[in-house]
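Below, each chain spelled out in residue letters.
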Amino acid sequence: MKWFGRKSPVVRAVLGVPRWVKARFDAAQTTKDNARHWAAAEFLSADAEADPAVRKTLRTRARYEVQNNSYARGIVSTLANDTIGTGPRLQMLFDGEDLNHAIEHDFAVWAKRVHLAAKLRTIRMARCQDGEAFVLLGQNPNLRSDVKLDLQLVEADRVTDDELQKDDRSVDGITFDQFGNPRSYKVLKSHPGGTDSFGTDAMTVKAENMIHYFRQDRPEQHRGIPEITSALPLFAHLRRFTLAVVSAAEAAADFAGVLYTDAPANGEADAVEAMDSIQLERNMLLTMPGGWKMAQVDPKQPVTTYGEFKHEILNEISRCLNIPYNIAAGNSSGYNYASGRLDHQTYYKSLKVDRSHIEEVILDRILEAWLNEWRLVRKRTIEDCDCRHVWFWDGQEHVDPQKEANAQAVRLQSRTTSLAAEYARQGKDWETELEQIAKEQKKMKELGIAPEEAQPDNGKEQKEDED
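Note that the coordinates shown come from a computational prediction; the quantities given were computed from them, not determined experimentally.

S.K.: Teacher, can you tell me more about the overall build of the protein here?
M.R.: Of regular secondary structure, the protein possesses 14 helices and eleven strands. Counting over 467 residues, the protein shows a buried share of 31%. For the protein, the share of sequence-separated contacts (at least 6 apart) that also reach a separation of at least 24 residues comes to 69%. As displayed, the protein has an accessible area near 31,400 Å², and 52% of this comes from carbon and sulfur atoms.

Shown next as structure tokens:
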């Protein structure tokens, strides 16, 4: 039997005797080599770190970059187009089919009247360059729809605190209750940067009439910052490097040649005025002054690393948004089939997460408010719509439709998927599609057309995979 003394770590741990533990993390050490790198690191809360002044600066710089940088503009607009597409489509899951079709039809008509898809794309762009977006649910009597509910987009600059009436539980215009739920929003009647903004008059909007859409990166964070915040310095480097290359090339192109001499100062060479210019003509034979030579300026622009630099910096910029390089740059010349599909898998997963967030924060809130008014207009009694509906989005196009069709047929034959799941991949309602197929088959039978059903070419696909 092995005995331990009182000073043994095992005995001290059993007896609960406190002991000093000396641990070390390299990243927690401040040395003369890393002091400047970590000088800006501060111990601040989420709201203190993103205070109104900081968020205002980030918003203005992000907007400036998106407006003046074609890459930034393309990345933001592409992300919004890929996320929203042509807009979400509603499918109700009540027991009565007539009720489901009525709600789906009326909601689709209303969505077109209020331009729901376009506003959702604007909201997604605002989250990327502004950090957040606000949607005010109100009544529009001029709306050409039986349901007068309308969506008014509010810029983040208008939601701010009134310094004279600031509440202790308020975070830059948003007042919260004791449980952290939004209670009201303080919205300025005009944009503080507008030409008609001469005062700070604000209105108070109840939380049930306002939708706040942003990405919460930290616990207890109540306002959003632009998603491209970490890429803003990189956008500046990209533009500066491009302008420097162009400026150097232009400066070199301004001179056709330069006169120089190997003779020392006060040496044997004809006198030539400094900075004097010579008019040159095409196919002209030229003689130089005695002791002088003529050389063409070597522009050395663009440098050999110019393309590589743009590739790497665009790849780093797009990483904060989970966008593949070929989508950010609009160039897939360096991709093959396998690498393109692999990079897009992460991108498509990110789009699914964004769409799920939009459904929870925006679409479900809009549907609830719309149904409350629709049931009054139509005089219909419906149950609670929680978990009784689903949203369909545009499907992702496959780079090889034939392979995807064959794989889909194999999945259906092996019963590893369903028609609902396969149609959902394409952003379609399986009931609507089957009804349309039945109509087409009935019409073809009336016209005496007997189409042959396509069978999957598994052997050809297998051979291509082996190759």
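S.K.: Teacher, can you tell me more about a nonpolar patch on the surface here?
M.R.: Where nonpolar side chains cluster on the molecular surface, the patch consists of Leu419, Trp430, Leu434 and Ile437 and spans about 300 Å² of accessible area. The element that contributes the greatest number of residues to the nonpolar patch is helix H13 (residues 430–446), accounting for three residues. By secondary structure assignment, the location of Ile437 is in helix H13. A residue is classified by how much of its surface remains accessible, and Ile437, at 33% relative accessible area, is partly exposed.

S.K.: Looking at this structure, I do not really get the packing of helix H4 (residues 70–84) against helix H6 (residues 116–129). What am I missing?
M.R.: Geometry of a packed helix pair, given as the angle between the helix axes and the separation of the axes. Contact pair H4 / H6: the axes reach a minimum separation of 9 Å and the direction vectors enclose 135 degrees. The orientation of H4 relative to H6 falls into the category oblique. H4 and H6 meet at a crossing whose hand is right-handed. Between H4 and H6, the contacting residues are Arg73, Val76, Ser77, Leu79, Ala80, Asn81, Thr83 and Ile84 on the first element and Ala117, Leu120, Arg121, Arg124, Met125 and Cys128 on the second. Its residues assigned to classes, the contact of H4 with H6 shows eight nonpolar, three polar and three charged.

What counts, and at which threshold
Residues numbered from 1 in each chain as written. Predicted model: local features only at pLDDT ≥ 70, side-chain atom pairs only at ≥ 80, totals over all residues. Heavy atoms only, no water. Helix = DSSP H or I, 4+ residues; strand = E, 2+ residues; numbered from the N terminus. Buried < 20%, exposed > 50% of the residue type's maximum accessible area, 1.4 Å probe, protein only. Contact = heavy atoms within 4.5 Å. Areas by Shrake-Rupley, 256 points an atom, 1.4 Å probe, with all protein chains shown as cover. Patch = residues over 30% accessible without salt bridge, like charges linked within 9 Å, V, L, I, M, F, W, Y side chains within 5 Å. Salt bridge = Lys/Arg side-chain N within 4 Å of Asp/Glu carboxyl O. Axes fitted to C-alpha atoms, helices over the stretch in contact; angles between N-to-C directions. Parallel < 35°, antiparallel > 145°, perpendicular 65-115°, else oblique. Left-handed = near helix turned anticlockwise from the far one by under 90°. Nonpolar A, V, L, I, M, F, W, Y, C, P; charged D, E, K, R; others polar.

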